[in-house]
Amino acid sequence: LLYNYNGWNATDRAKFFQWVTNVYSKASNQIKTNANNWGDWGRLGSILSAHLFDNSSQLQAVVNLIKGDLFHKIAPDGHMPEETRREANGIWYTYFSLAPMTAACWVN
């Protein structure tokens, strides 16, 4: 959304890209291998950063992470074992895991 935004000057654009590199992408990559919803949010951040910087190898690595444990995260009957274990908060955590997974699938 911001890549072609013409409402900022070159300095501000460069600062934004620096922030994505030094803060957002770094934080996302640190948690993208977590087994819970933190990992899902990390994967979304990592895939968004990879797309922004046209980094096809990073993008493919995140796609592989998502594919690698998708059927562990979502059981054949549709429930999410890691999230529903949280009992009363299970539905909230299920959403909090599905939202970034779904968003990551839209990045191309």
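Along each chain, residues carry numbers from 1 onward, in the same order as the chain's sequence is written. Given that this is a predicted model, residues contribute local features only at a pLDDT of at least 70 and side-chain atom pairs are listed and counted only at 80 or more, while totals for whole chains, interfaces and linings are drawn from all residues. Just so you know, side-chain values use all the structure's heavy atoms and leave hydrogens and water out.

Identification of the protein chain as Alginate lyase domain-containing protein from Adineta ricciae is taken from an unreviewed UniProt entry.

Time to look at the overall build of the protein chain. Labels follow the DSSP assignment, with helices taken as runs of H or I lasting at least four residues and strands as runs of E lasting at least two, numbered in each case from the N terminus. Each helix and strand in the protein chain was counted, giving five helices and zero strands. Secondary structure elements of the protein chain occur, N-terminal to C-terminal, as α-α-α-α-α. The dimensions of the protein chain, computed from C-alpha atoms along their principal axes, are 50 × 30 × 20 Å. Contact between two residues is taken to exist if any of their heavy atoms lie within 4.5 Å; hydrogens are not considered. A separation of at least 24 residues holds for 49% of the contacts in the protein chain among residues at least 6 apart in sequence. For accessible areas, the Shrake-Rupley method is used with a probe of radius 1.4 Å. Any residue's cover is judged against the shown protein chains and nothing else. Just so you have it, the protein chain exposes about 7200 Å², and 59% of that area is on carbon and sulfur atoms.

UniProt positions are given in the numbering used here, feature names are shortened, and annotations may be inferred rather than shown by experiment. UniProt's entry tags residues 4–105 with the feature "domain: Alginate lyase" (unreviewed entry), counted in the numbering of this structure. As a span, residues 4–105 carries 75% helix and 0% strand, and end to end its C-alpha atoms are 22 Å apart.

Buriedness for pockets is judged along seven lines, at least five of which must meet protein on both sides within 12 Å for an open set on the 1 Å grid over protein atoms alone, while cavities are sets there where a 1.4 Å probe fits but cannot get out, and lining residues have an atom within 4 Å of a point. Grid points are joined across faces, edges and corners, and a volume is the space filled by probe spheres set on the points. Empty space within the largest pocket amounts to approximately 350 Å³. Among the secondary structure elements, those contributing two or more residues to the lining of the largest pocket are helix H1 (10–31) and helix H2 (37–52). Gly is put with the polar residues, along with every residue not named as nonpolar or charged; the nonpolar set is Ala, Val, Leu, Ile, Met, Phe, Trp, Tyr, Cys and Pro, and the charged set is Asp, Glu, Lys and Arg. For the lining of the largest pocket, the residue count by class is ten nonpolar, three polar and no charged.

So, on to the packing of aromatic side chains. Aromatic rings from Phe, Tyr and Trp, taking only the six-membered ring of Trp, are treated as a pair when their centres fall within 6.5 Å; an angle between ring planes under 30 degrees marks them as stacked, one over 60 as edge-to-face, and anything in between as tilted. With the rule as written, the count across this model stands at nine aromatic pairs. Taking 4.8 Å as the distance between ring centres and 10° as the angle between the ring planes, the aromatic pair formed by Trp-92 and Phe-96 counts as stacked. Taken together, the positions of Trp-92 and Phe-96, both in helix H5 (residues 90–106) and four residues apart, correspond to about one turn of that helix. Exposure remark for Phe-96: the relative accessible area of 28% places this residue in the partly exposed category. Cluster of aromatic residues (ring-pair linked, three or more members): Tyr-5, Trp-8, Phe-16, Phe-17, Trp-19, Tyr-24 and Phe-53. We call a charge positioned above a ring when the Lys NZ or Arg CZ atom is no farther than 6 Å from the ring centre and deviates by at most 35 degrees from the ring normal. Arg-86 extends its terminal NZ or CZ atom over the ring of Tyr-93, reaching a point 3.8 Å from the ring centre. Burial classes: relative accessible area under 20% of the type maximum marks a residue as buried, over 50% as exposed, and values in between as partly exposed (1.4 Å probe, protein chains only).

Structurally, the position occupied by Asp-77 is in the loop between helix H3 (56–73) and helix H4 (81–84). A relative accessible area of 62% places Asp-77 in the exposed class. Counting along the chain gives 69 residues from Asp-77 to Trp-8, while the straight-line C-alpha distance between them is 48 Å. N or O atoms closer than or at 3.5 Å make up a polar contact, with two conditions inside protein: a donor-capable atom paired with an acceptor-capable one, and, for residues adjacent in sequence, both atoms drawn from side chains. Looking at Asp-77, its side chain comes within polar contact range of the side chain of His-79, at 2.5 Å.

Phi at Asp-54 is positive, roughly 55°, even though this residue is not glycine. Structurally, Asp-54 is set in the loop between H2 and H3. For Asp-54, a relative accessible area of 69% gives the class exposed. Its identity as a non-glycine residue notwithstanding, Glu-87 has a phi of 55°, on the positive side. Of note, Glu-87 is situated in the loop between H4 and H5. Using a relative accessible area of 68% as the deciding quantity, one classes Glu-87 as exposed.

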